[in-house]
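Residue strings, one per chain:
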Amino acid sequence: MKHPTYLWWNGELRRWEDATIHVTELGWSTVGAVFEGIRAYAAADGGDLSVFRLREHLERLERSMRLVRLKLDYSLDDLTEAILDLLHANGTREDTYIRPLAYTADTSGKRFAQLGNTAALLINTAPMPSHLLSGETGTAKISSWRRISEDVMPPRIKNLSNYRNGQLANFEAHLDGYDTALLLNRQGTVAEGPGSCVMMVVGGALITPDVGSSILESITRDALLTLAREELGIPVVERPIDRTELYVADEVFTCGTAAEISPIVSVDKYQIGSGEIGPITRRLERVFVDVLRGGESRYAHWRTPVPTVATASV
Ligand code: PMP
């Protein structure tokens, strides 16, 4: 399998094949794991790579760790440097996914009830080409699984165990012939997709479930709301959304670091709009690409350039 030369593990760059653990570490060690999903994009002119909203992702990692009572032994500046070093060491030039994973080390035989476990921290990367402006569309099914709610698991963070919920929903949707699932929350209003947030356009306004709707506090969602308001000049609304509002919406799409903007052309076999990518979705995709790939100088603060000269390793 092709993979980058290095990953970052517990404070140092390690060769990929040397980063191994004993098989008995598998299992409970990941029950309490939290992670991040971050993207780096190549510049439009084929120039340098930059990481999108790195600080916000690291801040969310810190919140995730705090919530599951894992101690973070590095500063966010250390982690920024670690990620930039890693991308540099791997000579990364193409669009890439970066995944920091914090998990409990030394849990073998201790089950999961142990407080004060040592957190191990792994950062690995993998090429992930963008599908923005590709014209790809998808169909969605409202899942019979409900999105986890605040009184069961914390939806707002990237808690690895949360993802069984979305996985079950996606299995169901795929077996039923749809591309993705959308989950309702305990209140019966729309929450999000298995690994993405959901937005709809109605009467020229961009509407998305509020953060109290059992959603992840998504960084892409925040970016797109900002861009819609600031760059497209359209109203944005965060509020609970009824399932049937999606059925009759003008446009629907999901969004996230991996999902980017993924247009949805039918929900439960109700055709959305004209059954093609809608005009506001298209405009948003164009602006978003500009921001990600550096064509838009106003959002330079959202991009951390990957240095061509290595910084010191932590
Ligand atoms: N919801 C879930 C459940 C997710 O896994 C993701 C992807 N991280 C998102 C929403 C989108 O979040 P972000 O834009 O921060 O990637």
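Rules used in this analysis
- Residues numbered from 1 in each chain as written.
- Predicted model: local features only at pLDDT ≥ 70, side-chain atom pairs only at ≥ 80, totals over all residues.
- Heavy atoms only, no water.
- Helix = DSSP H or I, 4+ residues; strand = E, 2+ residues; numbered from the N terminus.
- Contact = heavy atoms within 4.5 Å.
- Near = heavy atom within 4 Å.
- Polar contact = N/O pair within 3.5 Å; in protein donor to acceptor, adjacent residues only side chain to side chain.
- Nonpolar A, V, L, I, M, F, W, Y, C, P; charged D, E, K, R; others polar.
- Axes fitted to C-alpha atoms, helices over the stretch in contact; angles between N-to-C directions.
- Parallel < 35°, antiparallel > 145°, perpendicular 65-115°, else oblique.
- Left-handed = near helix turned anticlockwise from the far one by under 90°.
- Core = buried A, V, L, I, M, F, W, Y, C linked by side-chain atoms within 4.5 Å.
- Buried < 20%, exposed > 50% of the residue type's maximum accessible area, 1.4 Å probe, protein only.
- pLDDT = per-residue confidence, 0-100.
- Domains from an automatic or database assignment.
- Buried area = accessible area lost by both parts, 1.4 Å probe.
- Salt bridge = Lys/Arg side-chain N within 4 Å of Asp/Glu carboxyl O.

## Quick look at the side chain of Ser 266
Residue placement: Ser 266 occurs in strand E15 (residues 260-267). In this structure, Ser 266 is in contact with Gly 138, Thr 139, Ala 140, Gln 271 and Ile 272, ignoring residues within four places of it in sequence.

## Considerations on the site of the ligand
Contacts to the ligand come from 15 residues, most closely from Lys 158, Tyr 163, Ser 218, Thr 220 and Thr 257. In the environment of the ligand, a nitrogen atom lies 2.6 Å from a nitrogen or oxygen atom belonging to the side chain of Lys 158. Between the ligand and the protein, one listed contact pairs an oxygen atom with a side-chain N or O atom of Ser 218 at 2.7 Å. Here the shell around the ligand is built from residues that sort into six nonpolar, six polar and three charged.

## A few points about the packing of helix H2 (residues 54-67) against helix H3 (residues 76-89)
Close contact between H2 and H3 brings their axes to 10 Å; oriented N to C, the two are set at 125°. The orientation of H2 with respect to H3, classified from their angle, is oblique. The interaxial crossing formed by H2 with H3 has right-handed handedness. For the pair H2 and H3, contact is made by Leu 54, Arg 55, Leu 58, Glu 59, Leu 61 and Glu 62 and by Leu 76, Asp 77, Leu 79, Thr 80 and Ile 83, respectively. Taken together, the residues that form the contact of H2 with H3 break down as six nonpolar, one polar and four charged.

## Overview of the nonpolar core
Ranked by size, the top nonpolar core spans 28 residues in total, and within it Leu 206, Leu 224, Leu 227, Phe 253, Leu 284 and Phe 288 carry the most contacts. Within the residue set of this core, elements represented by two or more residues are strand E11 (197-202), helix H5 (219-230), strand E14 (251-256) and helix H7 (279-292). When residues in this core are grouped by element, the largest group, seven residues, is from H7. Leaving out residues up to four positions away in the same chain, Leu 206 has contacts with Met 199, Met 200, Val 201, Leu 224, Leu 225, Ala 228, Ile 234, Pro 235, Val 236, Val 237, Phe 253 and Leu 284. Within the second largest apolar cluster, 27 residues are counted, among which are Leu 58, Met 65, Ala 102 and Ile 157.

## Topic: the packing of H5 against H7
Running from amino to carboxyl end, H5 crosses H7 at an angle of 110°, the nearest separation of the two axes being 10 Å. Between H5 and H7, the crossing angle belongs to the class labelled roughly perpendicular. Judged by the twist between their axes, the crossing of H5 over H7 is right-handed. Between H5, through Thr 220, Leu 224, Leu 227 and Ala 228, and H7, the contact on the second element is made entirely by Leu 284, Val 287, Phe 288 and Val 291. Partitioned by chemical class, the residues of the contact of H5 with H7 number seven nonpolar, one polar and no charged.

## Topic: the confidence of the model for the protein
Per-chain confidence: the protein averages 94 in pLDDT, with 95% of residues scoring 70 or above. Here helix H1 (residues 28-31) stands out as the least confident element of the protein, with mean pLDDT 80; strand E12 (residues 205-208) is the most confident, with 99.

## A closer look at the domain arrangement of the protein
Here the domain parsing of the protein yields domain 1 (6-127) and domain 2 (138-297). Centre-to-centre, using C-alpha coordinates, domain 1 lies 26 Å away from domain 2. Of the residues lining the interface, 25 residues belong to domain 1; the matching set on domain 2 comes to 20 residues. Counting the surface lost from both domain 1 and domain 2, the interface buries some 2000 Å², and carbon and sulfur atoms represent 59% of this. Three residues stand out in domain 1 for area buried against domain 2, namely Phe 35, Tyr 41 and Arg 60, and they jointly supply 29% of the buried area on that side. At the junction of domain 1 and domain 2, the tally comes to four salt bridges. For Arg 63, the salt bridge goes to Glu 217, with nearest N and O atoms at 3.5 Å. The interface formed by domain 1 and domain 2 contains 13 residue pairs in polar contact (both at pLDDT 80 or more). Of all the secondary structure elements, the ones that give two or more residues to the side of domain 1 that touches domain 2 are H1, strand E3 (34-35), strand E4 (38-42), strand E5 (49-52) and H2. Of the residues forming the side of domain 1 that touches domain 2, the biggest block, six residues, is contributed by H2.

## A closer look at the pattern of salt bridges
If you walk through the whole model with that rule in mind, you get 22 salt bridges. We note a salt bridge from Asp 222 to Arg 53, for which the minimum N-O separation is 2.8 Å. Of this pair, Asp 222 sits in helix H5 while Arg 53 sits in the loop between E5 and H2, placing them 169 residues apart in sequence. In this structure Asp 222 comes out as partly exposed when scored by relative accessible area, which is 35%. With relative accessibility at 6%, the residue Arg 53 sits in the buried group. Among the salt bridges present, the one from Arg 293 reaches Asp 95, with a minimum N-O distance of 2.7 Å.

## Thoughts on the environment of Leu 61
Mapped onto the secondary structure, Leu 61 falls in helix H2. With 124 residues separating them in the primary sequence, Leu 61 and Asn 185 have C-alpha atoms 24 Å apart. Setting aside chain neighbours within four positions, we find Leu 61 in contact with Val 34, Phe 35, Glu 36, Leu 79 and Pro 100.

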